[in-house]
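Coordinate inspection notes
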Amino acid sequence: MTTLVTGATGNTGRHVVAELVRRGEHVRALTRNPAARAGGFPAGVETVTGTHTEPGTLDSALDGVDRLHITAVEGLAEVGPELVRRAVDAGVRRITVLWDGRPGPVERAVAESGVEWTRLEAQEFMSNTLTWIDSIRDEGVVREPHNLPSALVHQADIGAVAAAALLEDGHAGRSYNLTGPEALTPRQRIAVLSRLIGRDIAFVPITHEQAVDRLTATGVSREEAEYVIGWYAAPPEAATTIDDTVERVTGRPARTFAQWVAEHVDRFRRAGAVTG
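Residues numbered from 1 in each chain as written. Predicted model: local features only at pLDDT ≥ 70, side-chain atom pairs only at ≥ 80, totals over all residues. Heavy atoms only, no water.

Observations concerning the pattern of salt bridges
The condition that has to hold: Salt bridge, as applied in this entry: a Lys or Arg side-chain nitrogen positioned within 4 Å of an Asp or Glu carboxyl oxygen. Each helix is a run of H or I in the DSSP string that is no shorter than four residues. Each strand is a run of E no shorter than two, and both are numbered from the N terminus. Summary of the burial criterion: residues with accessible area below 20% of their type's maximum are buried, those above 50% are exposed, and those between are partly exposed, where the area comes from a 1.4 Å probe applied to protein chains only.
Under the definition given, this model contains 20 salt bridges. R214 is paired through a salt bridge with E144; the nearest N and O atoms lie 3.4 Å apart. Of this pair, R214 sits in helix α9 (residues 208-216) while E144 sits in strand β7 (residues 141-144); the two residues are 70 residues apart in sequence, bridging distant segments of the chain. The salt bridge partner of E209 is R222, with a shortest N-O separation of 3.1 Å. Of the two residues, E209 is situated in helix α9 and R222 in helix α10 (residues 222-233); the sequence distance between them amounts to 13 residues. Using a relative accessible area of 38% as the deciding quantity, one classes E209 as partly exposed. Linked by salt bridges that have partners in common, D59, E82 and R86 make up one network.

Shown next, in the form of structure tokens:
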């Protein structure tokens, strides 16, 4: 059996690929540039060219696929139903979909597809912390407009839950809220970073508008930036409440933020920095 993973080189897709391979599955990884990305996949992964935001080009990628992992991304809302229809017509019988925080057309299409489906509702990724790298390395500061808790989840745990839902029975029709084992404020995350990096890091408050402008400067639309910063200003209850779904589905505790930092600690250190 073959599983097609969309967004396979992305923040979470690569973890879905890795977990499926670890469990002995044949994986077809969808990426815009297979030649450039093939070296980053585990041995045995089949790479195919394409993007799931252009479903009309995916007939060959879907050929022979039994299971499909979809990552909701910008531009998918308009074409998501077509993607799901083409997948079902091609013979896909089990789908997982990782939402982008807001149920939309693709999630509805999956739920109405007539095949087994599981929705993964990750709240906030631990990898969002990577946006702090430059200011930490260059200035030893983090600038954010809000200091509210978030039960961040490790992307590898998302990959593990996705693989379980794709490969095991008992997950059909479920919507899984995915969090880590602790709800941390930015200041608390900074304390963990400071301890593991071996450097004092200051928290510097900024305004809502400054945060929106910073995000739009990266190419994000103002509407999307307002949504994202507004989410941090008033996170939903599901984002601040610890959920044990990862442990129930995978059989092991969710990874902690300290574990995530330990995996990336060198990226936050200044070049040539010496730690004791």
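Details of the sheet that holds strand β4 (residues 67-71)
Strand-to-strand pairing in sheets goes through backbone hydrogen bonds, with the strands running parallel or antiparallel. The condition that has to hold: Any two strands are treated as partners once DSSP identifies two or more bridges connecting them. Between the N-to-C directions of two axes lies an angle of 0 to 180 degrees, each axis being a line fitted to C-alpha atoms and, for a helix, fitted only over the stretch in contact. Pairs of residues are marked as contacts when any of their non-hydrogen atoms sit within 4.5 Å.
Taken together, 7 strands build an open sheet; the order of strands is β3-β2-β1-β4-β5-β6-β8 and the sheet is parallel. This sheet does not close on itself; its edge strands, each paired only once, are β3 (46-49) and β8 (174-178). Strand-to-strand twist across the sheet, computed as the mean angle between neighbouring axes with direction ignored, equals 20 degrees. In this sheet, strand β2 (residues 26-31) lies alongside strand β1 (residues 2-5) in parallel orientation, the contact comprising 4 bridges. Residue T2 lies in a different strand from β2, and its bridge partner there is H26. Those strands touched by helix α1 (residues 13-22) are β1, β2 and β4, and its axis lies near 165 degrees from that of β1. Together, β4 and β5 (94-98) form the strand contacts of helix α4 (residues 76-90), whose direction differs from that of β4 by roughly 180 degrees.

Overview of the packing of aromatic side chains
What describes a pair of aromatic rings is the distance from one ring centre to the other and the angle between the planes of the rings. Counted only if it meets this: Note on aromatic pairs: the rings of Phe, Tyr and Trp (six-membered ring only in Trp) are paired at centre separations within 6.5 Å, and the planes decide the class, stacked below 30 degrees, edge-to-face beyond 60, tilted for the rest.
All told, the structure shown has 3 aromatic pairs when counted by the stated rule. Note on W231 and Y232: the rings are 5.1 Å apart at their centroids and 85 degrees apart in plane angle, and the pair reads as edge-to-face. Under the relative-accessibility criterion, W231 is labelled buried at 15%. Between W260 and F268 the ring centres are 6.2 Å apart and the planes differ by 70 degrees, which places this aromatic pair in the edge-to-face class. When sorted by exposure, W260 lands in the same class as F268, which is buried. One aromatic cluster is present, formed by F257, W260 and F268 through successive ring pairs.

Observations regarding the packing of α1 against helix α7 (residues 155-167)
Under the convention used in this document: Each angle receives one of four descriptions, namely roughly parallel if under 35 degrees, roughly antiparallel if over 145, roughly perpendicular if within 65 to 115, and oblique otherwise. For any pair of crossing helices, the crossing counts as left-handed if the nearer helix is rotated counterclockwise from the farther one by less than a right angle, and right-handed if it is rotated clockwise. By the convention adopted, Pro, Cys, Tyr, Trp, Phe, Met, Ile, Leu, Val and Ala count as nonpolar, Lys, Arg, Asp and Glu as charged, and the other residues, Gly among them, as polar.
Between α1 and α7, the least distance of the axes is 8 Å, while the angle of their chain directions is 55 degrees. By the angle between their directions, the pair α1 and α7 is classed as oblique. For α1 against α7, the interelement crossing comes out right-handed. Here α1 contributes H15, V16, E19 and L20 to the contact with α7, which in turn contributes Q155, A156, G159, A160, A162, A163, L166 and L167. Of the residues assigned to the contact of α1 with α7, the class counts are 8 nonpolar, 3 polar and 1 charged.

Some details on the nonpolar core
Going by this rule: In plain words, nonpolar cores are sets of buried Ala, Val, Leu, Ile, Met, Phe, Trp, Tyr and Cys residues tied together by side-chain atoms within 4.5 Å.
Counting residues in hydrophobic clusters, the biggest one holds 25 residues, and the most contacted among them are V17, L120, I158 and L178. Looking at this core, the elements that each hand over two or more residues are α1, β2, β6 (116-122), α7, β8 and α12 (245-250). Counting residues per element, this core draws most heavily on α7, which supplies 6 residues. Once you skip the residues sitting within four places of it in the chain, V17 turns out to touch V5, A8, V27, A29, F41, P42 and V45. Formed by 24 residues, the second largest nonpolar core is a distinct cluster that contains L30, A72, A109 and V115.

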